[in-house]
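An overview of the molecular structure
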Amino acid sequence: TPRVFSGIKPSGGLTLGNYLGAIKRWVDMQSSDMESIYCAVDLHAITVWQDPEALKNGTRELAAGMLASGIDPEQSILFNQSQVPEHAQLAWIFNCVARVGWMNRMTQFKDKAGKNAEKASLGLYAYPSLMAADILMYHATHVPVGEDQKQHVELTRDIANKFNNDFGVDFFPVTEPVIEGPGMRVMNLRDGTKKMSKSGESDMERINMLDDADKIAKKFKKAKSDPEGLPETVEGLEGRPEAKNLVDIYAGLNDMTPETVIAEYAGAQWGKFKPALADLAVAKLAPISDEMKRLMDDPAEIDRKLARGAEKARAIATPILEKTYDIVGLLRS
Ligand code: AQP
């Protein structure tokens with residue numbers, strides 16, 4: 001059976017980028033006949049230091065966000081990564097299979113580590129090994145992630161291949177998982193050349209799923225744009241990343257194409273478009289954030305849901321890890 005695996009780091013509050021770029025698509029995929037596994041990847045989050053309390057809350061907020069958006073824990077498996085220790089165990093094996101040279105080519109490490117790569121955590125460097133473990137643990141055939149993760153997904157195939165060759169087995173699938181795309185990329189509201197991030201410096205650069213109507217209106221009002229207003233055709237958005245982003249967000253929220261948005265607002269001023277965008281965002285997000293808040297009022301129930309999801313995930317993961325240990329020659333008695 002086709003199987004989907006994807007994750008989000010609980011490294012801050014959930015953003016509109018995570019919603020439009022990931023969760024919304026996951027909900028759509030759920031209705032198809034695929035088995036889907038969605039994970040709050042807390043072990044990935046700690047590759048950069050996280051405040052322990054904030055990490056716990058962020059994990060619950062992320063779970064609440066997925067549930068409130070329509071991920072059904074009966075239909076899909078929803079859990080947090082650290083509750084299935086097989087992820088870390090398999091990642092260690094992959095650390096011994098992957099080559100340093102491969103990791104050195106990962107552009108995301110370079111981006112995230114910045115100029116002072118010597119000071120980055122070893123975990124951040126080895127991140128792709130853990131991601132390969134996430135994917136290969138479940139023999140996932142579909143990995144809906146953004147374009148920025150493409151290199152890591154490709155590395156997953158290299159790791160599977162080398163593992164199979166090193167041990168003379170045909171165990172991990174080397175078929176490249178489908179990167180569902182092209183996914184929508186939501187950009188930073190203050191700088192349209194950067195993506196909207198949970199952990200970006202200023203809160204004004206992102207829409208958080210838990211922002212209230214006033215905040216959303218204020219953030220769109222202050223969002224960077226240009227004096228030109230909306231163009232007559234989508235081609236007129238070229239070279240205008242902030243303008244393009246606002247149109248794309250409108251389209252993403254309303255399940256429209258940017259062409260249709262432009263057709264409706266051709267020539268409009270930002271003073272007209274931004275309030276319309278804010279109203280649309282509030283209309284679409286308020287039901288989700290209301291439900292998130294309701295769910296977060298009962299953290300114990302979220303924890304129970306995650307624990308149940310982890311149990312289901314372990315039922316798949318344990319035999320795979322056992323078999324891997326056996327192939328590698330790690331004694332189990
Ligand atoms: N701005 C975005 N537009 C579209 N998709 C996005 N995703 C994240 N930001 C955007 C998608 O959300 C999924 C989970 O991402 P993640 O949290 O695991 O990692 P990230 O992409 O590094 O997210 P952030 O928000 O930028 O976190 P920080 O600031 O902690 O590094 C992925 O499918 C991703 O493509």
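Here the structure is a predicted model, which is why all the values come from computation and not from measurement.

Rules and cut-offs
Residues numbered from 1 in each chain as written. Predicted model: local features only at pLDDT ≥ 70, side-chain atom pairs only at ≥ 80, totals over all residues. UniProt positions renumbered as here; feature names shortened; annotations may be inferred. Helix = DSSP H or I, 4+ residues; strand = E, 2+ residues; numbered from the N terminus. Domains from an automatic or database assignment. Contact = placed C-beta atoms within 7 Å. Nonpolar A, V, L, I, M, F, W, Y, C, P; charged D, E, K, R; others polar. Near = placed C-beta within 6 Å. Axes fitted to C-alpha atoms, helices over the stretch in contact; angles between N-to-C directions. Left-handed = near helix turned anticlockwise from the far one by under 90°.

1. Looking at the UniProt feature "short sequence motif: 'HIGH' region" (unreviewed entry) in the protein
Under the UniProt annotation, the feature "short sequence motif: 'HIGH' region" (unreviewed entry) is placed at residues 10-18. Structurally, residues 10-18 is divided into 33% helix and 0% strand, and its ends, taken at the C-alpha atoms, are 11 Å apart.

2. Focus: the domain arrangement of the protein
Put simply, an interface is often sized by how much accessible area is lost when its parts join up. Its domain assignment divides the protein into domain 1 (3-184 + 319-328) and domain 2 (210-295). For domain 1 and domain 2, the distance between their C-alpha centroids amounts to 30 Å. Tallying the contact residues gives 8 residues for domain 1 and 7 residues for domain 2. For the side of domain 1 that touches domain 2, the leading source of residues is helix α3 (residues 52-69), giving 5 residues. Class assignment for the residues of the side of domain 1 that touches domain 2 results in 5 nonpolar, 3 polar and no charged.

3. Section: the site of the ligand
Close to the ligand lie 21 residues, the nearest being G17, G21, G146, S197 and S199. Counting residues per element, the shell around the ligand draws most heavily on helix α1 (residues 16-30), which supplies 4 residues. Here the residues of the shell around the ligand sort into 6 nonpolar, 10 polar and 5 charged.

4. Description of the packing of helix α10 (residues 241-253) against helix α12 (residues 270-296)
Running from amino to carboxyl end, α10 crosses α12 at an angle of 35°, the nearest separation of the two axes being 10 Å. The way α10 lies across α12 gives a crossing that is left-handed. The segment α10 lies against α12, with L246, I249, Y250 and L253 engaging F273, L277, L280, A281 and K284. Here the contact of α10 with α12 is built from residues that sort into 8 nonpolar, no polar and 1 charged.

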